[in-house]
Amino acid sequence: MTDSEVYFTLLRVSAAQTLRSAGITAAKPSVVDAFTDLLARYLTLLGTTTRNFAESGGRTQAELIDARMAMEHVGLLRPINIFNDPGDDDTEAVDALVEWFRGPQAADLRRVAGHAEKEGQVGKSDEWLGATKKLSEKRNTTA
């Protein structure tokens, strides 16, 4: 198994959990694979956009402001005021995103990911890795 196949399989787990938290409890493997590919492309776009903002600022390494501007550029964050100076410290959009992840809207996403808020609800941390390996081996032997 190549590195890219391993990374895709790991991202597939996150994609399936995202679909499940959105209420999609069953889907064909081709649908999950397509969604995983879209997620990978979106994350790649976010990463390259962050790098581009850093390079346009004359830096070789990205800073938090570059990531925030990239999130706004790709539509992950909605700019609160489009007339703000990009270099200012307005974190209202980032704060809203963090609150969304902490709020009830993402509660099922946290539960599926094994990060439930109440003790006793957290799943075993290594179960997903074993299940991912078994699924990957099964898919590779049938292909």
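Below is a short write-up of the structure. (Residues numbered from 1 in each chain as written. Predicted model: local features only at pLDDT ≥ 70, side-chain atom pairs only at ≥ 80, totals over all residues. Heavy atoms only, no water.)

1. Some details on helix H3 (residues 64-73)
Thought 1: Among all positions of H3, only Asp66, Arg68, Met69, Ala70 and Met71 are buried.
Thought 2: For H3, the secondary structure elements touched by its buried residues are helix H2 (29-56) and helix H4 (92-102). (Buried < 20%, exposed > 50% of the residue type's maximum accessible area, 1.4 Å probe, protein only. Helix = DSSP H or I, 4+ residues; strand = E, 2+ residues; numbered from the N terminus. Contact = heavy atoms within 4.5 Å.)

2. Focus on the side chain of Thr36
Thought 1: With respect to the element layout, Thr36 can be found in helix H2.
Thought 2: With residues near it in sequence (within four places) discarded, Thr36 still touches Phe8, Leu11, Arg12 and Ala15.

3. Focus: the nonpolar core
Thought 1: The biggest cluster of nonpolar side chains holds seven residues, and these are Leu46, Ala70, Met71, Val74, Leu77, Ala93 and Leu97.
Thought 2: Looking at this core, the elements with two or more residues in it are H3 and H4. (Core = buried A, V, L, I, M, F, W, Y, C linked by side-chain atoms within 4.5 Å.)

4. Points about the pattern of salt bridges
Thought 1: Summed over the entire model, instances satisfying the criterion amount to six salt bridges.
Thought 2: We note a salt bridge from Asp66 to Arg59, for which the minimum N-O separation is 2.3 Å.
Thought 3: One salt-bridge network, in which partners are shared between bridges, spans Arg59, Glu63 and Asp66. (Salt bridge = Lys/Arg side-chain N within 4 Å of Asp/Glu carboxyl O.)

5. What to know about the side chain of Asp66
Thought 1: One can find Asp66 in helix H3.
Thought 2: Given a relative accessible area of 2%, Asp66 falls into the buried group.

6. Digging into the packing of H2 against H3
Thought 1: Where H2 meets H3, the axes come as close as 8 Å, and the angle between the chain directions of the two elements is 125°. Between H2 and H3, the crossing angle belongs to the class labelled oblique. Here H2 and H3 pass one another in a crossing that is right-handed. Facing Leu46, Thr49, Thr50, Phe53 and Ala54 of H2, the residues of H3 in contact are Asp66, Ala67, Met69, Ala70, Met71 and His73.
Thought 2: Grouping the amino acids of the contact of H2 with H3 by side-chain chemistry returns seven nonpolar, three polar and one charged. (Axes fitted to C-alpha atoms, helices over the stretch in contact; angles between N-to-C directions. Parallel < 35°, antiparallel > 145°, perpendicular 65-115°, else oblique. Left-handed = near helix turned anticlockwise from the far one by under 90°. Nonpolar A, V, L, I, M, F, W, Y, C, P; charged D, E, K, R; others polar.)

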